[in-house]
Amino acid sequence: MYSSSAGAFAAAAIFYLLIFLFAIAAQVLLACAAYQDAKSLNNKDAAMWAVLIGLLGGIPGIVYLCIRKNAGSSAVPLQQICVSCRAPLAPGTNVCPYCGAPQPPMNPYLLAGYRSPEECAVCHARAKKLLIAGIVCFALAILAAVAMVAVIVGVIGSGPWEYYYDLY
């Protein structure tokens with residue numbers, strides 16, 4: 001009598017551990033997906049969104065999804081530096097006004113402070129894969145919770161009080 005209930009409670013503890021692990025994995029994967037998505041939209045706050053979603057969960061994730069298209073245009077332009085004297089230059093400068101050294105042409109996306117479309121496509125594809133993995137982890141956590149409830153209900157249903165029903 002005690003061995004079946006002890007085994008069932010051990011199984012419930014294993015299911016509880018699985019729920020916990022799947023939920024943590026889903027949280028981390030969704031935070032990474034938000035980070036990659038924000039990078040693909042050239043959002044300068046990508047790391048902030050990842051930390052918020054990783055620590056606080058779904059509510060910052062919903063806020064990010066609501067404002068993600070509007071937040072992509074806030075990139076800070078990069079500053080060009082002379083290859084010879086390391087003096088700061090205006091973006092797009094071909095010759096250093098301080099030392100006269102010719103400057104190599106810069107990537108126009110770097111001048112504007114943005115990632116190239118190829119880099120954005122890679123980040124977007126990565127974000128999509130991480131999002132799918134996060135959703136799968138949440139689904140597995142829910143399935144483990146249902147299985148744990150089934151095990152607990154099975155133990156309660158086969159308790160010692162069933163013997164009283166057999167007497168009547």
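What you see is a predicted model; the values in this text were computed from it and never measured.

A.B. asks: Honestly, helix H3 (residues 58–67) in this entry has me stumped. Any pointers?
C.D. replies: An α-helix turns once per 3.6 residues; consequently, residues spaced three or four apart project the same way. Among the residues of H3, those classed as buried are Pro 60, Gly 61 and Tyr 64. Angularly, the buried residues of H3 cover 105 degrees about the axis, an arc narrow enough to put them on a single face. The exposed residues of H3 that point more than 90 degrees off its buried face are Ile 59, Ile 62, Leu 65 and Cys 66.

A.B. asks: Please explain the packing of aromatic side chains as it appears in this structure.
C.D. replies: The way to describe two aromatic rings as a pair is by their centre distance and the angle between their planes. A full pass over the atoms with the stated rule returns 1 aromatic pair. Considering the side-chain rings of Trp 49 and Tyr 64, the 5.3 Å spacing of their centres and the 55 degrees angle between planes classify their relative orientation as tilted. Placement of Trp 49 in helix H2 (residues 46–56) and of Tyr 64 in helix H3 is noted, with a sequence separation of 15 residues between them. Judged by its relative accessible area of 7%, Trp 49 falls in the buried class.

A.B. asks: Hey, could you run me through H2 in this one?
C.D. replies: Here H2 has its buried residues at Ala 46, Trp 49, Ala 50 and Ile 53. One side of H2 holds all its buried residues, which, seen down the axis, span an arc of 100 degrees. For H2, the exposed residues lying more than 90 degrees away from the buried face are Leu 55 and Leu 56. Phi turns positive, to about 90 degrees, at Gly 57, one or two residues after H2.

A.B. asks: What am I meant to see in the state of the cysteines here?
C.D. replies: Here, the word disulfide means a covalent bond between the sulfur atoms of two cysteines. The final tally for this structure, using the stated rule, is 0 disulfides. Among the cysteines around Cys 96, which has no disulfide bond, Cys 82 carries the closest sulfur, lying 3.7 Å off. In this structure Cys 96 comes out as buried when scored by relative accessible area, which is 2%. With no disulfide partner, Cys 99 has as its closest neighbouring cysteine sulfur the one in Cys 82, 3.7 Å distant. The partly exposed category is assigned to Cys 99, whose relative accessible area is 37%.

A.B. asks: Even after reading the chapter, I still don't get unusual backbone geometry, so can you show me in this structure?
C.D. replies: Of all residues except glycine, most have a negative phi; of all peptide bonds, most are trans. One non-glycine residue, Asn 42, lies in the positive phi region at around 60 degrees. With respect to the helices and strands, the residue Asn 42 is situated in the loop between helix H1 (2–40) and H2. Judged by its relative accessible area of 11%, Asn 42 is buried. A positive phi is found at Arg 86, a non-glycine position, where the angle reads about 65 degrees. Mapped onto the elements, Arg 86 comes out in the loop between strand E1 (80–81) and strand E2 (88–89).

A.B. asks: Looking at this structure, I do not really get the nonpolar core. What am I missing?
C.D. replies: A general tendency of soluble globular proteins is for nonpolar side chains to be buried together. Counting residues in each nonpolar core, the largest one holds 7 residues, listed as Ala 31, Ala 34, Ala 38, Ala 46, Trp 49, Ile 53 and Tyr 64. Mapped by element, the contributors of at least two residues to this core are H1 and H2. Once you skip the residues sitting within four places of it in the chain, Ala 34 turns out to touch Ile 53 and Tyr 64.

Rules and cut-offs
- Residues numbered from 1 in each chain as written.
- Predicted model: local features only at pLDDT ≥ 70, side-chain atom pairs only at ≥ 80, totals over all residues.
- Heavy atoms only, no water.
- Buried < 20%, exposed > 50% of the residue type's maximum accessible area, 1.4 Å probe, protein only.
- Helix = DSSP H or I, 4+ residues; strand = E, 2+ residues; numbered from the N terminus.
- Arc of directions from axis to C-beta.
- Phe/Tyr/Trp six-rings, centres within 6.5 Å; stacked < 30°, edge-to-face > 60°.
- Disulfide = S-S within 2.5 Å.
- Core = buried A, V, L, I, M, F, W, Y, C linked by side-chain atoms within 4.5 Å.
- Contact = heavy atoms within 4.5 Å.

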